[in-house]
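# Observations on the model geometry
Given next are the chains, with one letter for each unit.
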Amino acid sequence: MSYKWLEWAQRIQSISQAGLTFSSDAFDRERYEELRAISAEIMASHSESEMQKIQELFMEEKGYPTPKIDVRGVVFQDDQILLVKETHDNKWALPGGFCEIGLSAAENVVKEIQEESGYVVQPKKLVALMDMNRYSSIPQAFHYYKVFIQCEIVGGQPITGIETAEIGFFTENSLPELSVKRNTEEQIHILFDFNRNPYKETWID
């Protein structure tokens, strides 16, 4: 789903962050700070978030702006997909999270799956690399890429983690309420299609 206002706000924020990273001129920096404030104002006016909180979020961002990378584990068992219930919003998502420095995408997904579900897995295939701006029905302040890696369970047992309240396997036609900031129903259906067609080419937006 496309939101032009969100695209504009993200681009303005990106320009302001890059400018504040590389500019040493006091007058230019003042203009970039104003652009950052305008971006926050646009987002606040189209969402339920307070402008001050958005500004604080933007101020934490340093360096040249790039999309954030979120890795998600795709685990099937008897044609059912593994989901975990997030304590943050009490909705369901594929286990995963932001990639951490020092770990590869595959190492990150193994870590996240074990921490959130208790299962030990072996990465098998990069299934999809998706631009979340094209799928999420909920506008988000930053631009995210989602990396979906299919994995096979090789050990462990279902155990909830700090960020998860429940663990379950679900069929394609009986999905629970999803945490759409993390994954959408459309994405889950695409992943089921990969499970039915294991030789399908990797999905790249």
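Conventions used here
Residues numbered from 1 in each chain as written. Predicted model: local features only at pLDDT ≥ 70, side-chain atom pairs only at ≥ 80, totals over all residues. Heavy atoms only, no water. Helix = DSSP H or I, 4+ residues; strand = E, 2+ residues; numbered from the N terminus. Buried < 20%, exposed > 50% of the residue type's maximum accessible area, 1.4 Å probe, protein only. Contact = heavy atoms within 4.5 Å. Lys, Arg positive; Asp, Glu negative; His and termini not counted. Charge placed at Lys NZ, Arg CZ, Asp CG, Glu CD. Expected span 1.5 Å × (residues − 1). Pairing = 2+ DSSP bridges. Disulfide = S-S within 2.5 Å. pLDDT = per-residue confidence, 0-100.

### Considerations on the overall build of the protein chain
- The helix and strand tally for the protein chain stands at 5 helices and 8 strands.
- In sequence order, the protein chain lays out its α and β elements as α-α-α-β-β-β-β-α-β-β-β-α-β.
- Dimensions of the protein chain, computed from C-alpha atoms along their principal axes, come out at roughly 60 × 35 × 35 Å.
- Put simply, the protein chain has 205 residues, and 40% of those count as buried.
- Sequence separation of at least 24 residues holds for 68% of the intrachain contacts in the protein chain that already meet a minimum separation of 6.
- In the protein chain, 20 side chains carry a positive charge and 33 a negative one; their mean positions are 2 Å apart.

### Section: unusual backbone geometry
- Phi at D78 takes a positive value of approximately 55°, unusual for a residue other than glycine.
- Residues other than glycine seldom take positive phi values, yet D79 does so here, at roughly 60°.

### A closer look at helix α4 (residues 105-117)
- Between the first and last C-alpha of α4 there are 18 Å, a value that for 13 residues agrees with the 18 Å anticipated at 1.5 Å per step.
- Where the residues of α4 are buried, they touch β1 (68-77), β2 (80-86), β4 (96-98), β5 (119-131), β6 (144-156) and β7 (164-170).
- With its phi angle positive at about 90°, G118 sits one or two positions after the end of α4.

### Section: the pairing of β5
- Two elements, β5 and β6, share 11 bridges in a ladder whose sense is antiparallel. Within β6, the residue paired with A128 across the bridge is F148.
- In the sheet, β5 pairs with strand β8 (residues 203-204) via 2 bridges, with the strands oriented parallel. For L129, the partnering residue across the bridge sits in β8 and is I204.

### Comments concerning the state of the cysteines
- Evaluated as defined, the whole model comprises 0 disulfides.
- Left unpaired, C99 is separated from the closest cysteine sulfur, that of C151, by 12 Å.

### A word on the confidence of the model for the protein chain
- Per-residue confidence for the protein chain gives a mean pLDDT of 87, with 90% of residues at or over 70.
- For the protein chain, the element scoring lowest by mean pLDDT is helix α3 (residues 51-59), at 68; β2 scores highest, at 97.

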